[in-house]
Amino acid sequence: MIIRHADPDRDAAACAAIYAPHVTDGVASFEEVPPSANEFSGRIERITARYPWVVADEDGELAGYAYGSEHRERTAYRWAADVTAYVARDYQRRGVGRALYDALLGLLRAQGMQVACAGITLPNDASVGLHEACGFERVGIYPRIGFKQGAWWDVGWWELELIEPTDGRPPEPGPPAALPEPIRL
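Note that the coordinates shown come from a computational prediction; the quantities given were computed from them, not determined experimentally.

Visitor: Go over helix H2 (residues 37-48) with me, naming the residues and quoting the values.
Guide: Think of an α-helix as 3.6 residues a turn; residues three or four steps apart then line up on the same face. The end-to-end C-alpha separation of H2 is 16 Å, in line with the 16 Å expected for twelve residues at 1.5 Å each. All of the buried residues in H2 are Phe 40, Ser 41, Gly 42, Arg 43, Ile 44 and Ile 47. Looking at the buried side of H2, the elements it contacts are helix H1 (8-24), strand E2 (53-58) and strand E3 (61-70).

Laid out in structure tokens, this is it:
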């Protein structure tokens, strides 16, 4: 298995297929209609203009993906990125999520991002465990913030300092960093 950068043409359909059950069968995503492969292609293109998106590729089959995105649109937030990862059911609990995050967080550091933020619909022990294993710390909970599948859901927020804070203004974040080569697992 390798971790590589996502390609909108090559990976959109597989990313959409991995994501769809989280939309239709669960509450990890608050979307209510699974996006099409075409929509995913557009998302990959838009996001990778400013943030990294990586996939775990097992001989041409995607095992999962992870990406960074804008935390908030106000300019003072530009050193923070939201992060998310989704792993195909057949590959869960095999270290794929951790490998994706290791690659993604390294790319965000190289880009100059200071903080990574992750929102997790609660309860979700697997996601909480992954984030905390990667060093994230819980910083708060939005109670009853989303209504899906006939119920209200809380969302917890986890944060990871990517770069040790210093006094004064940090350097501006750069463009998305590139993996020097695919990461082999």
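There's plenty left to go through after this.
Visitor: Explain the pairing of E3 to me, and be specific about the residues and the numbers.
Guide: The element E3 is largely enclosed, with a buried count of eight among its ten residues. Strand direction decides the pairing type here: E2 and E3, joined by six bridges, are antiparallel. Looking across to E3, one finds that Val 54 is bridged to Ala 66. Hairpin geometry of E2 and E3 is characterised by an intervening segment of two residues between the two adjacent antiparallel strands and by a positive phi of about 55° at Asp 59. For E3 and strand E4 (residues 80-87), the ladder comprises seven bridges, and the chain directions are antiparallel. Each residue of the ladder has a partner; that of Gly 64, found in E4, is Val 87.

Visitor: Account for the packing of aromatic side chains, naming residues and giving values.
Guide: Applying the stated criterion across every chain, the model contains eleven aromatic pairs. Ring geometry for Tyr 19 and Phe 40: centres 5.5 Å apart, planes at 65°, overall edge-to-face. Here Tyr 19, found in helix H1, pairs with Phe 40, found in helix H2; they are 21 residues apart in sequence, far enough to count as distant. The exposure class assigned to Tyr 19 is buried, which follows from its relative accessible area of 7%. Given the relative accessible area of 2%, Phe 40 is considered buried. Plain terms: the ring middles of Phe 40 and Tyr 65 are 6.0 Å apart, the flat faces sit at 80° to each other, and that makes the pair edge-to-face. Of this pair, Phe 40 sits in helix H2 while Tyr 65 sits in strand E3, and the two are 25 residues apart along the sequence. Aromatic rings pair up to connect Tyr 19, Phe 40, Trp 53, Tyr 65, Tyr 67 and Tyr 86 into one cluster. Against the face of Phe 40 rests Arg 43, its NZ or CZ located 5.5 Å from the ring centre.

Visitor: So what's going on with the side chain of Ser 41? Residues and values would help.
Guide: Within the secondary structure, Ser 41 sits in helix H2. On the accessibility criterion, Ser 41 (11% relative accessible area) is buried. Look past the residues within four positions of Ser 41 in its chain and what remains in contact with it is Pro 8, Asp 9 and Ala 12.

Visitor: Explain the pairing of strand E5 (residues 115-122) residue by residue, including any values.
Guide: Judged by how many residues are buried, E5 sits mostly within the fold: seven of eight residues are covered. For the handedness criterion, the β-α-β arrangement of E4, helix H3 (residues 96-111) and E5 is classed as right-handed. Bridging between E5 and strand E7 (residues 151-161) involves eight bridges; their strand directions are antiparallel. In the sheet register, Leu 122 faces E7, and the bridge partner there is Asp 154.

Visitor: Any details on the sheet that holds strand E8 (residues 183-184)? Residues and values, ideally.
Guide: Ordered by their spatial adjacency, eight strands build an open sheet running E6-E7-E5-E4-E3-E2-E1-E8, and the pairing between neighbours is mixed. Either end of the sheet is taken by a strand with one partner, and the two such strands are strand E6 (137-148) and E8. With respect to the sheet, H2 is in contact with E2 and E3, its orientation differing from that of E2 by roughly 125°. Along the sheet, H3 makes contact with strand E1 (2-5), E2, E3, E4, E5, E7 and E8, crossing E4 at roughly 160°.

Scoring rules and cut-offs
- Residues numbered from 1 in each chain as written.
- Predicted model: local features only at pLDDT ≥ 70, side-chain atom pairs only at ≥ 80, totals over all residues.
- Heavy atoms only, no water.
- Helix = DSSP H or I, 4+ residues; strand = E, 2+ residues; numbered from the N terminus.
- Expected span 1.5 Å × (residues − 1).
- Buried < 20%, exposed > 50% of the residue type's maximum accessible area, 1.4 Å probe, protein only.
- Contact = heavy atoms within 4.5 Å.
- Pairing = 2+ DSSP bridges.
- Phe/Tyr/Trp six-rings, centres within 6.5 Å; stacked < 30°, edge-to-face > 60°.
- Lys NZ or Arg CZ within 6 Å of the ring centre and 35° of its normal.
- Right-handed = clockwise from strand over helix to strand, strands pointing away.
- Axes fitted to C-alpha atoms, helices over the stretch in contact; angles between N-to-C directions.

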